[in-house]
Amino acid sequence: MLLATVLSADAQDYANPDRSRPSRTGEPNMIPHTQSSANKKTAMVKDRQPAVAAKAKDATTLLRADHKLVDGLFAEYKKARSPAKKRQLVDQICKELTVHAQIEEEIFYPAVKAALKDTALIPEAIVEHATLKDLIAQVEGVEPGGELFDAKIMVLSEYVKHHVKEEHAEMFPKAKATKLDMKALGAKMAERKAELTADHEA
Ligand SMILES: [Fe+2]
Ligand SMILES: [Fe+2]
C-alpha cells in the first residue's frame, strides 16, 4: 500500500481547496448503505435466481466491461489536445469510476467477501477505492490545464490499471469458484448502475 500512501499524500498538495473532499478519518470511504437497492440482501446463491437475471450479464462480465470502457477513455485522453475534449473525457471517466466503485462496494464486494469468508482481499480493494476517490476528487469539476492536471490523470489511469489487474487476476477467479450466482448478482448490479447513472446525469 506504499504506492497508495505516496499518491494520496502528494496529490493533496495540489488539491483545489474549494472542493469537498473524502473523509480523512482513516476510515475507508465506504458508500453508506442507505440507498434503496443497497439494503437488499447481497448474498445470492445459485438456487434463488430472479427472473430478470436470465437476460443479464454475469457480475464479472459487467465489471470487466466497465474496466474496458474506462481504459478506452484514458487512451482517448492521452490523445486529446483541446481543454474542452479533456474536460468531457474527465467528466465521463469520473462518472464511470464513481458508479463502478459504488456498485462494487454496495453489491459485489460484500457478496464475495461473505462467500469467500475473506478478510484481506476485499478490505484491500476498498482501501484502493478510497485512494481512487481521492484522485477523482482532485480532477472532477476542475478545468484542465497545465502539466499537473495531465499528471493527475496519468496517475489515476495507472492506479486504476493496478487495481483492475488485481481484480482480474485474483478476486474474479476466486469469486467465480464460489457458489455465488453471478447472473443474479450481475442483474442486481446492472439495476443499481442504471439508478446511479441516472442520478449522475440528473
Ligand atoms: Fe474495484
Ligand atoms: Fe472494478
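Residues numbered from 1 in each chain as written. Chains lettered and ligands numbered in written order. Predicted model: local features only at pLDDT ≥ 70, side-chain atom pairs only at ≥ 80, totals over all residues. Heavy atoms only, no water.

Enquirer: Looking at this structure, how should I read the packing of helix α4 (residues 121–139) against helix α5 (residues 146–176)?
Expert: Each pair of packed helices can be described by the angle between their axes along with the distance between the axes. Close contact between α4 and α5 brings their axes to 10 Å; oriented N to C, the two are set at 160°. Judged on the interaxial angle alone, α5 and α4 are roughly antiparallel. In the crossing of α4 with α5, the sense of the turn from one axis to the other is left-handed. Residues belonging to the contact of α4 with α5 are distributed by class as follows: 14 nonpolar, 5 polar and 7 charged. (Axes fitted to C-alpha atoms, helices over the stretch in contact; angles between N-to-C directions. Helix = DSSP H or I, 4+ residues; strand = E, 2+ residues; numbered from the N terminus. Parallel < 35°, antiparallel > 145°, perpendicular 65-115°, else oblique. Left-handed = near helix turned anticlockwise from the far one by under 90°. Nonpolar A, V, L, I, M, F, W, Y, C, P; charged D, E, K, R; others polar.)

Enquirer: Sorry, what's going on with the pattern of salt bridges here?
Expert: Between side chains of opposite charge, pairing is possible as soon as their charged atoms come close. Taken as a whole, this structure holds 10 salt bridges when the rule is applied. One salt bridge connects K95 with E96, and the closest N-O pair in it is separated by 3.9 Å. A salt bridge links E201 to K95; the nearest nitrogen and oxygen atoms lie 3.1 Å apart. Within this pair, whereas E201 is found in helix α6 (residues 182–201), its partner K95 is found in helix α3 (residues 83–116), the two being separated by 106 residues in sequence. Note on E201: relative accessible area 54%, which makes it exposed. Through salt bridges that share partners, K95, E96 and E201 make up one connected network. (Salt bridge = Lys/Arg side-chain N within 4 Å of Asp/Glu carboxyl O. Buried < 20%, exposed > 50% of the residue type's maximum accessible area, 1.4 Å probe, protein only.)

Enquirer: Looking at this structure, how should I read the coordination of the iron ion (ligand 2)?
Expert: Coordination of the iron ion (ligand 2) by the protein is provided by H67 (NE2), H100 (NE2), E104 (OE) and E167 (OE), with metal-donor distances spanning 2.1 to 2.2 Å. Geometry at the iron ion (ligand 2) is irregular, judged from the 4 donor atoms that bind it and their angles of 83 to 170° at the metal. Positions of the donor residues of the iron ion (ligand 2) along the chain correspond to the pattern H-x32-H-x3-E-x62-E. Here the iron ion (ligand 2) and the iron ion (ligand 1) are spaced 3.3 Å apart, linked through E104, which binds each one. One end of the pair, H67, is in helix α2 (residues 59–79); the other, E104, is in helix α3, and 37 residues separate them in sequence. Residues H67 and E104 agree in their burial class; the two are buried. (Donors = N, O, S within 2.8 Å, 3.2 Å for Na, K, Ca; no water. Tetrahedral: all angles 85-135°; square planar, octahedral: opposite > 155°, others 65-115°.)

These figures capture arrangement, not role.
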